[in-house]
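Next come the chains, spelled out residue by residue.
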Amino acid sequence: TKEPYRMFTSRAEHRLLLREDNADQRMTPYAYSMGIISKERWEVFQKKMDMIEAETQALEKIKIDPSSFGGKNKSKQPVLSILKRPEAKLEDIYKLLEKPLPEKGVLLDIETTRKYAGYIERQKKEIKKIKKYENAKIPKEIVFSDITGLSNEAKQKLEKVLPKTIAHAQRIPGITPAAISLLLVHIKKEQNSLTKKLDLKELVAESSLNLTETQISQADSFINQIIKWNKTRNLVSRNLKKKDLVGHFLDCAVLHKRLKQGSVIDLGTGSGFPGICLGIIDPKREVTLVDSNRKKTSFLIHVKNELGLNLVSVKNLRVEQINQINETNIVCRAFKEPSDLLKSLANKISKKHKIIIMVSEKETPYVPGFDIKYKESEASKILEKKRGFIEIQMS
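What counts and what doesn't
Residues numbered from 1 in each chain as written. Predicted model: local features only at pLDDT ≥ 70, side-chain atom pairs only at ≥ 80, totals over all residues. Heavy atoms only, no water. Helix = DSSP H or I, 4+ residues; strand = E, 2+ residues; numbered from the N terminus. Rg over C-alpha atoms; globule rule 2.2 N^0.38 Å. Buried < 20%, exposed > 50% of the residue type's maximum accessible area, 1.4 Å probe, protein only. Areas by Shrake-Rupley, 256 points an atom, 1.4 Å probe, with all protein chains shown as cover. Polar contact = N/O pair within 3.5 Å; in protein donor to acceptor, adjacent residues only side chain to side chain. Contact = heavy atoms within 4.5 Å. Salt bridge = Lys/Arg side-chain N within 4 Å of Asp/Glu carboxyl O. Pairing = 2+ DSSP bridges. Axes fitted to C-alpha atoms, helices over the stretch in contact; angles between N-to-C directions. Phe/Tyr/Trp six-rings, centres within 6.5 Å; stacked < 30°, edge-to-face > 60°. Patch = residues over 30% accessible without salt bridge, like charges linked within 9 Å, V, L, I, M, F, W, Y side chains within 5 Å. Lys, Arg positive; Asp, Glu negative; His and termini not counted. Charge placed at Lys NZ, Arg CZ, Asp CG, Glu CD. Core = buried A, V, L, I, M, F, W, Y, C linked by side-chain atoms within 4.5 Å. Disulfide = S-S within 2.5 Å. Right-handed = clockwise from strand over helix to strand, strands pointing away.

Engineer: Can you tell me about the overall build of the protein chain, naming the residues and giving the values?
Structural biologist: Counting its regular elements, the protein chain contains 16 helices and nine strands. In terms of overall dimensions, the protein chain is more spread out than a globule: its C-alpha atoms have a radius of gyration of 33 Å, far above the 21 Å expected for 395 residues. Overall size of the protein chain, expressed as C-alpha extent along the three principal axes, is 105 × 50 × 40 Å. Across the 395 residues in the protein chain, those meeting the buried criterion constitute 43%. Here the protein chain displays about 22,900 Å² of accessible surface, and carbon together with sulfur accounts for 50% of that area.

Below, the structure written as structure tokens:
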């Protein structure tokens, strides 16, 4: 972080490798190559390293009874294995072996390196993995708040900066190697899930839809715009990923086959499902999007202009403010219970209208004066989720 008083040693990257006792091993070779230290000091350092190597090799050949150091098995074990036990101290082992003690720096280095060997090796692997993936791109649609195990501080910093690569994320103050590892795991998990029938083009190919490359490009742009604007506008749930929105598009797009000839009005359209989808699928059909949330309607106006949907219009209204519905088809998704919706449409519709409500569960409610049927969506089999429509017309 930027505040000096928060520069804790515990926040140091790879702190098991950046120990006080191995500072000379890390820095002396650089110092000597740059001419900062004398040849005499370099020879002293070399002598210490030779002693560490010699003592380590000698200890590797020695086995002792581990019972003196907390071991229950009395069969002899290698000294360097016993040294990993919390109770074992190298100085005590030397006394037991009646060997002369090496200098303090050598003793401390061997003991620390062996006692934490497993953790040090794991940290080296983490460094190698992060270096390997430092140029990896971070998907635009990733939601940092969804990363399990990431601290709130790390989530806030990542969401503020929105790094484009792993290397970029590493340079953010306060983002630790542990946070980078969690980010890499999350990205890999997301990429794996996206390969399971979640590519827009592949999903469309599995359906009866016959879309052009331009329409697929428009759909992808629409989804990306939702992700971008959702960071400030709350258009959809923050938990939704791009794969979910791709599924929503398909679910809405197949709705166009249930429509009658004529125009469409989408009540409570929210982020544009299904209205924008229908505008992309059938660019020659007039579609009116209605929503009472001004932030959402401003987004819809932006999207319709961005995608060139000239026959799509947007109205910032409540359903109750509409005097008469002239459009032939009335559609809505996640808006109201069928009976409540029909009450709000009283005196605004006639027998010419067809109402289609998108639902996730099969239901055929009874409402006097209306014929109501449930139709399963073709998206159900493709998405492997329950999807359907309630079709309503006046009796």
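Engineer: Lay out the side chain of Thr269 in plain terms, naming residues and giving numbers.
Structural biologist: One can find Thr269 in the loop between strand S3 (264-267) and helix H13 (275-281). Judged by relative accessible area, Thr269 falls into the buried class, the value being 3%. Separated by 2.7 Å, the side chains of Thr269 and Asp266 make a polar contact. Once residues within four sequence positions are removed from consideration, Thr269 is found in contact with Gly275, Leu289, Val290, Asp291 and Leu300.

Engineer: Pulling in residues and values, what's your account of the pattern of salt bridges?
Structural biologist: Enumeration according to the criterion identifies 12 salt bridges in this entry. Between Asp282 and Arg285 there is a salt bridge whose closest N-O contact spans 3.2 Å. Counted as one network, the salt bridges with shared partners bring together Arg258, Lys354 and Glu391.

Engineer: Explain the sheet that holds strand S9 (residues 388-394) to me, and be specific about the residues and the numbers.
Structural biologist: The strand order across the open sheet formed by seven strands is S5-S4-S3-S6-S7-S9-S8, and the pairing between neighbours is mixed. Two strands close off the open sheet at either side, each with one partner strand: strand S5 (312-316) and strand S8 (370-376). Direction aside, neighbouring strands of the sheet carry axes that sit 20 degrees apart on average. One ladder, built from five bridges, connects strand S4 (residues 287-291) with S5; its direction is parallel.

Engineer: If you had to explain the packing of aromatic side chains to someone new, which residues and values would you point to?
Structural biologist: Enumeration over the complete set of coordinates arrives at four aromatic pairs. What links up through ring pairs into an aromatic cluster is the set Tyr32, Trp42 and Phe45.

Engineer: How would you sum up a positive patch on the surface? Please name residues and give values.
Structural biologist: A cluster of like positive charges, contributed by Lys137, Lys140, Lys164, Lys228 and Lys231, occupies part of the molecular surface. Among the secondary structure elements, Lys137 is positioned in the loop between helix H6 (117-133) and helix H7 (152-161).

Engineer: Quick one: what's the story with unusual backbone geometry, residue by residue and with numbers?
Structural biologist: Leaving glycine aside, a negative phi is the common case for residues, and trans is the common case for peptide bonds. Each neighbour pair has its own omega, and for Phe273 with Pro274 the value is 5 degrees, a cis peptide bond. Note on placement: Pro274 falls in the loop between S3 and H13. Backbone geometry places Glu98, a non-glycine residue, at a positive phi of 55 degrees. In this fold, Glu98 is placed in the loop between helix H4 (90-97) and helix H5 (104-115). You can call Glu98 exposed: its relative accessible area is 74%.

Engineer: Describe the nonpolar core, listing the residues and the values that go with them.
Structural biologist: Formed by 45 residues in total, the largest nonpolar core has its most connected members in Leu209, Phe222, Phe249, Leu250, Phe273, Ile276 and Phe299. Counting residues per element, the ones that place at least two in this core are helix H10 (200-206), helix H11 (213-233), helix H12 (242-253), H13, S4, helix H14 (294-307), strand S7 (354-359) and helix H16 (379-383). Take this core: its biggest share by element is seven residues, from H11. With residues up to four places along the chain from it excluded, the contact list for Phe222 reads Ser271, Gly272, Phe273, Ile276, Cys277, Ile280, Phe299, Val303 and Leu307.

Engineer: Please give an account of the state of the cysteines that cites residues and values.
Structural biologist: Summed over the entire model, instances satisfying the criterion amount to zero disulfides. A disulfide-free cysteine, Cys252 has its sulfur positioned 4.4 Å from the sulfur of Cys277, the nearest such atom. Its relative accessible area of 0% is what places Cys252 among the buried residues. Since its relative accessible area comes to 0%, Cys277 is described here as buried.

Engineer: Outline the pairing of S4, supporting the account with residue identities and numerical values.
Structural biologist: A large share of S4 lies buried, amounting to five of its five residues. Across four bridges, S3 lies against S4 in parallel orientation. What sits directly across from Asp266, in S4, is Leu289. Read from S3 through H13 to S4, the crossover connection turns out right-handed.

Engineer: Can you tell me about the side chain of Glu111, naming the residues and giving the values?
Structural biologist: Mapping Glu111 onto the fold places it in helix H5. In this structure Glu111 is buried but unpaired, with Lys115 as the nearest side chain of opposite charge at 4.4 Å. Leaving out residues up to four positions away in the same chain, Glu111 has contacts with Leu83, Ala88, Lys89 and Leu90.

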